Amino acid sequence: MKILVIKRDKIGDLLLTTPMLAHLKASLPQAEVHLLANDYNAWVVAGNPDIDRLWTYRRVRHAGRVSLAAAWEQLLQYFGLRRQGFDAAIVANGEESPRAIRRARYAGARRVVAYCVEPPRYGRLTDPLPCPDGMHECDRLLALLAPLGIAPPARPPLPEYRLPPEQQAFAQAWLRERKLFPRSYVVLGLGARRKKKQPSADQVLRWSARFKRELGLETVFMWTPGKSGNPIYPGDDDLAQPVLDAATPYIHPFRGPLLPAIGLIWSARGSIIPDSGLMHFAAASSGGVLGLFAETDVSPHPSQWGPRGQRVDYLEAVKSVGELPDGLVYARFDALLA
């Protein structure tokens, strides 16, 4: 049996797909599982033992530009996928994804499993499922296996990421230069598309001071490089600057790429990060994460997108209150580290 799983979304979304891949492979060990991802997120599952073959495509539209070469490559890839003769294609999204559904149909699988509101709009869609409510994204993805006769596990697997040696080596060298040791620091991050989820510069300074004073932990301070007005992906340089200006000796700034940032998170005692892909990676680390959410009436809700891992928790800022109370942050983070 050959099964194609399609995941064209962001890095955190693909990480949350790994429990479904693990359960699929455990339930059908003889099946050949392929994954179709794009050049932005495919690295998340590189070397994953639950995937027999990883297909990667370049995005046709990226940063406002269109690549005809990428379009041609995708067309050739569709022919390659169709030659595989897939028995089933699973659109691994917790909600309807029209583009991913079309990719599944182009792949020529005998069955296509997907969440869908109006199946007739896609023509032949053999296994449309109603979009679920009140379920975490990981559980929604596991429920997509039901048409293949696979029931959800009693104890769902947790999202898994395998830290490559080069990321581990970078983290070791970076920490050594700053006379830091694994588990001797907290990661405090800013990266988030909505400012309401982010701690303020004053909070970063207060929280870091308390972690040093009460817990003896230094802080690795991370943010997304770039200006807040960037239309493709807003950066946090402006928000981070007051923290840098304070020149606090126990706050170690890291303004760098995503993969090295994950390496540093992997050696942290724990992390505090707003709802983002980086939060989900921190949740998969041994230190765990306290995720920060806000404005969940117009932004992702933790009931669907909260962190999943061995050591995780989250807090949601309430509009009427404003900033998260420091005491609540300390109490929940201390409990996470215990």
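Bear in mind that the values here come from a model prediction, so they are computed numbers and not experimental data. (Residues numbered from 1 in each chain as written. Predicted model: local features only at pLDDT ≥ 70, side-chain atom pairs only at ≥ 80, totals over all residues. Heavy atoms only, no water.)

A. Broad picture of the overall build of the chain. Assigned secondary structure in the chain consists of 12 helices and 14 strands. For 338 residues, the compact-globule estimate of 2.2 N^0.38 gives 20 Å, and the C-alpha radius of gyration of the chain, at 21 Å, lies within 12% of that figure. Considered along the principal axes of its C-alpha atoms, the chain spans approximately 60 × 40 × 35 Å. Here the chain, with 338 residues, has 52% of them falling under the buried criterion. Approximately 15600 Å² of the chain is accessible, and the part contributed by carbon and sulfur atoms is 53%. (Helix = DSSP H or I, 4+ residues; strand = E, 2+ residues; numbered from the N terminus. Rg over C-alpha atoms; globule rule 2.2 N^0.38 Å. Buried < 20%, exposed > 50% of the residue type's maximum accessible area, 1.4 Å probe, protein only. Areas by Shrake-Rupley, 256 points an atom, 1.4 Å probe, with all protein chains shown as cover.)

B. The arrangement of the side chain of Ser 267 in detail. Examined against the element boundaries, Ser 267 turns out to sit in the loop between helix 9 (258–266) and strand 12 (270–274). In this structure Ser 267 touches Leu 175, Pro 182, Arg 183 and Tyr 185, once residues within four positions along its chain are discounted. (Contact = heavy atoms within 4.5 Å.)

C. Focus on the side chain of Gln 203. By secondary structure assignment, the location of Gln 203 is in helix 7 (residues 201–215). Polar contacts involving the side chain of Gln 203 include one to the main-chain amide nitrogen of Ser 200, which spans 2.9 Å. Excluding anything up to four places from it in sequence, Gln 203 contacts Gln 198, Glu 323, Leu 324 and Asp 326. (Polar contact = N/O pair within 3.5 Å; in protein donor to acceptor, adjacent residues only side chain to side chain.)

D. View of unusual backbone geometry. Despite not being glycine, Lys 179 has its phi angle at roughly 55°, a positive value. Following the sequence through the fold, Lys 179 ends up in the loop between helix 6 (165–177) and strand 9 (185–189). Its identity is not glycine, yet Arg 183 carries a phi of approximately 70°, on the positive side. Looking at the element boundaries, Arg 183 is found in the loop between helix 6 and strand 9.

E. Focus on the nonpolar core. Formed by 53 residues in total, the largest nonpolar core has its most connected members in Val 5, Val 220, Met 222 and Leu 264. Discounting residues that sit within four places of it in the chain, Met 222 has contacts with Val 187, Leu 188, Gly 189, Leu 190, Phe 254, Ala 261, Leu 264, Ile 265 and Leu 278. Of all hydrophobic cores here, the second largest spans 27 residues; its members include Leu 217, Leu 290, Ala 294 and Leu 337. (Core = buried A, V, L, I, M, F, W, Y, C linked by side-chain atoms within 4.5 Å.)

F. Region of interest: the sheet that holds strand 9. Strand order across the open sheet formed by six strands is 11-10-9-12-13-14, with parallel pairing between neighbours. Here the strands that pair on one side only, and so sit at the sheet edges, are strand 11 (251–254) and strand 14 (312–317). Adjacent strand axes in the sheet meet at a mean angle of 20°, parallel and antiparallel pairs treated alike. Sheet topology note: the strand 9/strand 10 (residues 218–222) ladder contains five bridges and is parallel. Looking at strand 10, one finds that Gly 189 is bridged to Met 222. (Pairing = 2+ DSSP bridges. Axes fitted to C-alpha atoms, helices over the stretch in contact; angles between N-to-C directions.)

G. Layout of the packing of aromatic side chains. Under the definition given, this model contains 11 aromatic pairs. Seen from their ring centres, Trp 43 and Phe 281 are 5.6 Å apart, and the 15° between their planes marks the pair as stacked. Placement of the pair is Trp 43 in the loop between strand 2 (32–38) and strand 3 (53–57) and Phe 281 in helix 10 (residues 277–284), with a sequence separation of 238 residues. What makes Phe 281 buried here is its relative accessible area of 0%. Plain terms: the ring middles of Tyr 161 and Phe 281 are 5.1 Å apart, the flat faces sit at 85° to each other, and that makes the pair edge-to-face. Here Phe 281 lies in helix 10 and Tyr 161 lies in the loop between helix 5 (137–143) and helix 6, a separation of 120 residues in the sequence. Feature note: the residues Trp 43, Tyr 161, Trp 266 and Phe 281 constitute an aromatic cluster, connected by ring pairs. For the cation-ring pair, Arg 53 lies above Trp 55, with the distance from its terminal atom to the ring centre recorded as 3.7 Å. Taking NZ or CZ as reference, Arg 103 lies 4.0 Å from the ring centre of Tyr 57, over its face. (Phe/Tyr/Trp six-rings, centres within 6.5 Å; stacked < 30°, edge-to-face > 60°. Lys NZ or Arg CZ within 6 Å of the ring centre and 35° of its normal.)

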